[in-house]
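Listed below, chain by chain, are the residues.
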Amino acid sequence: MIPKLIQPYFKITHQTKDRDNSIIEGVLTCCNANDFEIFVVGKIKHGLFSKMFLYPEDDRTVLEVRCKKCGKRISVFNSSFDGYGQCGIKKKNICVSPQPIDCLKCRNESFSVAIKYEYPNIQELQELEISDTDNAFTWIWITLECNNCGSRYKNFIDCETT
């Protein structure tokens, strides 16, 4: 149950399931590495202790990555297309120009990306006749870690999609 666009690049590290939902955690990989440039649409806000968060801008949050080895660009999350609230809605192709980000501490542009998804019970999705169950996650958390200095931006994206 991972969105189809990132399935080839997502390595599951932990999975839990209970009666109500499933949590799937993993890391992005490409070219057998976790080395990406990050591009975003949204408002970046800085918190205490070198924290960094991405918030929606004009109701949009987008995170894309580019593999540092092969240059492949991967759409990780786009609030206009991804998540439970977007299932069954006809998608509009809106052009956006994601902007690159760098580490607050060392200004490096090389990050590892960890993602955690929350999915509702599969039976609920079937009852609601949601066919794209892989994209029907109700919450997404994305954590970035600088590959140069190790600075960690936990929950850089923390977004409910319902």
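You'll find the structure just up there.
Criteria and thresholds
Residues numbered from 1 in each chain as written. Predicted model: local features only at pLDDT ≥ 70, side-chain atom pairs only at ≥ 80, totals over all residues. Heavy atoms only, no water. Helix = DSSP H or I, 4+ residues; strand = E, 2+ residues; numbered from the N terminus. Buried < 20%, exposed > 50% of the residue type's maximum accessible area, 1.4 Å probe, protein only. Salt bridge = Lys/Arg side-chain N within 4 Å of Asp/Glu carboxyl O.

1. Notes on unusual backbone geometry
The bulk of non-glycine residues show a negative phi, and the bulk of peptide bonds are trans. We note that Asp58 has phi near 55°; this positive angle belongs to a residue other than glycine. Here Asp58 is to be found in the loop between β5 (51–55) and β6 (62–67). With a relative accessible area of 72%, Asp58 lands in the exposed category. Phi at Asp59 is positive, roughly 60°, even though this residue is not glycine. Mapping Asp59 onto the fold places it in the loop between β5 and β6.

2. Considering the pattern of salt bridges
For the structure shown, the criterion picks out five salt bridges. The salt bridge involving Asp20 is made with Arg19; its shortest N-O contact spans 4.0 Å. For Asp20, a relative accessible area of 49% gives the class partly exposed. Note on Arg19: relative accessible area 69%, which makes it exposed.

Just distances and angles here, no functional claims.
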